[in-house]
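# Summary of the model geometry
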Amino acid sequence: MLRLAHYNSRTHLHKLVFSSSNIGLLHMSSKFLLRPATPPPPPFPSRRHLCNTRKCLLPVYCSKSISKIRPYFLKTNGFASNATVTAPVHGGESEVKSLRKLDILRRKLEELGIELDTFTPGQHNHLLCPMCNGGDLEDKSFSLFISPDGSGASWTCFRAKCGWSGRTRPFAGSSSTYESSIQDSKVKQRREITVESLKLEPLCSELIGYFAERLISAETLQRNRVMQKSYGSQIMIAFTYWRNGMLTSCKYRDSNKKFFQERDTEKIFYGLDDIKEAEDVIIVEGEIDKLAMEEAGFRTCVSVPDGAPPKVSSKELPPEEQDTKYQYLWNCKEYLNKASRIILATDGDAPGQALAEEIARRIGRERCWRVKWPKKNKEEYCKDANEVLMFLGPTALREAVENAELYPIRGLFNFRDYFIEIDDYYNRTLGYDCGVSTGWRALDGLYKVMPGELTIVTGVPNSGKSEWIDALLCNLNSNVGWKFALCSMENRVREHARKLLEKHIQKPFFDARYGGSVERMSVEELEEGKKWLNDTFYLIRCEDDKLPSVHWVLDLAKAAVLRHGVRGLVIDPYNELDHQRPISMTETEYVSQMLTLIKRFAQHHACHVWFVAHPRQLQNWAGAPPNLYDISGSAHFINKCDNGIVIHRNRDPEAGPVDQVQVCVRKVRNKVIGTIGDAALSYNRVTGEFMDIA
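Anyway, here's the lowdown on the structure attached to this text. Just so we're clear, the structure is a prediction, and the values are computed from it rather than from any experiment.

Thresholds, definitions, all that
- Residues numbered from 1 in each chain as written.
- Predicted model: local features only at pLDDT ≥ 70, side-chain atom pairs only at ≥ 80, totals over all residues.
- Heavy atoms only, no water.
- Helix = DSSP H or I, 4+ residues; strand = E, 2+ residues; numbered from the N terminus.
- Buried < 20%, exposed > 50% of the residue type's maximum accessible area, 1.4 Å probe, protein only.
- Contact = heavy atoms within 4.5 Å.
- Areas by Shrake-Rupley, 256 points an atom, 1.4 Å probe, with all protein chains shown as cover.
- Phe/Tyr/Trp six-rings, centres within 6.5 Å; stacked < 30°, edge-to-face > 60°.
- Pairing = 2+ DSSP bridges.
- Axes fitted to C-alpha atoms, helices over the stretch in contact; angles between N-to-C directions.
- 1 Å grid on protein atoms, 1.4 Å probe; cavity = no way out; pocket = protein on both sides within 12 Å on 5 of 7 lines; lining within 4 Å.
- Points joined across faces, edges and corners; volume = space filled by probe spheres on them.
- Nonpolar A, V, L, I, M, F, W, Y, C, P; charged D, E, K, R; others polar.
- Polar contact = N/O pair within 3.5 Å; in protein donor to acceptor, adjacent residues only side chain to side chain.

Before going further, it helps to examine the overall build of the chain. Scanning the chain from N- to C-terminus turns up 19 helices and 29 strands. Expressed as a percentage of the 694 residues in the chain, the buried residues total 46%. Partitioning the intrachain contacts of the chain with sequence separation of at least 6 by distance along the chain shows that 60% fall at a separation of at least 24. When the accessible surface of the chain is split by element, carbon and sulfur atoms take 50% of a total near 38000 Å².

Here we take up the packing of aromatic side chains. The tally for this structure, following the rule as stated, stands at 18 aromatic pairs. Ring centres 6.0 Å apart and planes at 25° place the aromatic pair Trp-440 and Trp-468 in the stacked group. Of this pair, Trp-440 sits in the loop between helix H12 (419-427) and helix H13 (441-444) while Trp-468 sits in helix H14 (residues 465-480), and the two are 28 residues apart along the sequence. Here Trp-440 and Trp-468 have matching classes, each one buried.

In this model, Asp-572 is joined to Pro-573 through a cis peptide bond whose omega is -5°. For Pro-573, the location among the structural elements is in the loop between strand E24 (568-572) and helix H18 (587-605). Here Leu-215, not a glycine, exhibits a phi torsion of approximately 65°, which is positive.

Turning to the sheet that holds strand E12 (residues 226-231), a few remarks are in order. Paired through backbone hydrogen bonds, the strands of a sheet run either parallel or antiparallel to each other. As summarised here, the arrangement of the four strands in space is E12-E13-E14-E15, forming an open sheet in which the pairing is antiparallel. Each edge of the open sheet is held by one strand with a lone partner, namely E12 and strand E15 (259-261). Geometrically, the sheet is characterised by an average inter-axis angle of 35° between neighbouring strands, direction not taken into account. Against the sheet, helix H6 (residues 287-295) makes contact with E12, strand E13 (234-243), strand E14 (246-253) and E15, and its axis sits at roughly 70° relative to E13, the strand it touches most.

Right, let's get into the layout of surface pockets. Taken as a whole, the second largest pocket holds about 620 Å³ of empty space. Along the wall of the second largest pocket there are 23 residues; nearest its centre are Asn-462, Ser-463, Gly-464, Glu-467 and Lys-499. Mapped by element, the contributors of at least two residues to the lining of the second largest pocket are H14 and helix H15 (493-505). Here the lining of the second largest pocket is built from residues that sort into six nonpolar, seven polar and 10 charged.

As a further point, take the sheet that holds strand E10 (residues 153-157). In spatial order, the strands read E8-E9-E10-E11; together these four strands make up an open sheet with antiparallel pairing. Where the open sheet ends on each side, the last strands, each with one partner, are strand E8 (124-127) and strand E11 (165-168). Adjacent strand axes in the sheet meet at a mean angle of 15°, parallel and antiparallel pairs treated alike. Relative to E11, E10 is paired through four bridges, and the arrangement is antiparallel.

For helix H10 (residues 385-392), the set of buried residues is Ala-385, Asn-386, Glu-387, Val-388 and Leu-389. For H10, the N-terminal cap is Asp-384; the gap from its side-chain oxygen to the backbone nitrogen of Asn-386 is 3.3 Å. Gly-393 sits one or two residues past H10 and shows a positive phi near 95°.

Moving residue by residue along a regular strand, the side chains alternate between the two faces of the sheet. With seven of eight residues buried, E14 lies mostly within the body of the structure. Where E13 meets E14, seven bridges bridge the pair, whose relative direction is antiparallel. From the neighbouring strand, Thr-240 faces E14, where its bridge partner is Cys-250. Hairpin connection between E13 and E14: a loop of two residues separates the two successive antiparallel strands, and Asn-244 in this loop has a positive phi of roughly 55°.

Mapped onto the fold, Asn-650 is located in the loop between strand E26 (643-649) and strand E27 (660-668). The class of Asn-650 is buried, set by a relative accessible area of 17%. Within polar-contact distance, the side chain of Asn-650 engages the backbone oxygen of Pro-657 at 3.2 Å. Setting aside anything within four residues of it in sequence, one finds Asn-650 in contact with Ala-655, Gly-656, Pro-657, Val-658 and Gln-660.

Given below as structure tokens:
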């Protein structure tokens, strides 16, 4: 098959002849001359090829003209394209580089899935987004701009649920002024527009009927100067933007619900003149929502011009001059500064809530209110103001605005936010609202275990602090099924496992060492106990020679809570942690900060923490239980904790049984779960159990 092209006398270009086996040149003179083809040249020819009249791709490379080259035959590195590249042709080497630069840029874009038929520098192209495919409506919301000199391309998808943006250059090390060209494109002189220059017309009866279906009256449309514009055979709605009676911008909506605005105009609120000197300002997400608000009796309402972002930005607020997405806020700040109350009535979906947060963080949350839309049926909530107007009427829309709530400020709350929790607490439906039984009758009246609290446990060496905590954990698992994370630095794993298994199975791990005929646990019981250990406890251990820090322990405990449902954490003991205290910080200050950190972890994750702290060396100790103020390090151990317990074992046979353990409750912050007092438990040396004294 031969593909022939006509001779162009104005540009003096000789076109190509293609066949399956030959590529030749058709030279227009007195007759046709068909020559055998040479192998296809590179995508864009060098200057040397341009100078050979009979063998070149373009025998005469004209000047001062525009040429469209359709490279059907181009295939480089396995990449082929049918894109039309339009570029200036001047006959010099720089022009050839420009063509090659455009080809590389085109390839980079196509590798990203961005394809277009006409590749023309200096133009904005509206395409189907390769990331979101335009959503359900297949909107061509993807805008691609190729810089005039071909040195780069930038793109943005304006769908709120997508928002993909980026840019690329043909050469990573290019000396072209791509960055400056993009910046220069933003610094444009604002156009002066009028209704006449935009050829705007009054609304036709069909569009008035369309708004009537949305319960927007003709009077409201006329007051807000909603107009139309003819574009070929299509009629578009024109929302006109005014400032001080002067037309500033115009936004169009076509029959496919696609929006676009007049270029090089100032970004301002829609309805800006309606909020002059207003104390209460309502901000909505769309122009039709602003019209709906007026039908409900609210005229001091404006709409944002650019819709909502897909999510709240995680970055800090940019300077005013760089905040391009929300430039309309800064352009209208003198209006907003006069308002004492700003009601955010954005859409109820995720982008709408993100828009409300972005506005609030710029104008100040302290003077913002938030509208919550009512349900339109048993299952669905209304999305925006116009839906409330259409489904529930103007009265419901007015009530929704009048019942707007204070915009939440992180860290500042009202008791109303907790009324449900307070009611559940009163009715005892929260679960563990009055604490969990310890499993010992003598102790339950003094101390119960409450999720989210910190218990400090102390006692002189060998008094049984760790043994008592292990027994308590076994009781909690047996009674309510709690799981625990253990950071026990003084116990070897096998020794700790033995102690826990003895308490759980109620048999010694080895043959009894203290007399008696108690049978050792069987192999079957051991296997059952190993499964129980694995299902109930998670170990936090530092495998190298370093001591663990509090931050390291809490990070792993958080993972155990989220991954395994752990309800309790044991840190035993304090002095085995790595305390990297700054030189300028006293030990009292350090302990205070450390305990605050642990308490926040406990409260945030509803996890009870037991923290073992040894008392300092007691001089002239007479054998009585120590006090919480005797803990080595700081008095903050008793000041910061929710519960303080001293474990004391009798060592004097004349004073009483040596296997009797005294549990001294010295502090209980929550009087609902306990009080100060002492409880006596009997300790079984064979199995390590603690039992009530009959």
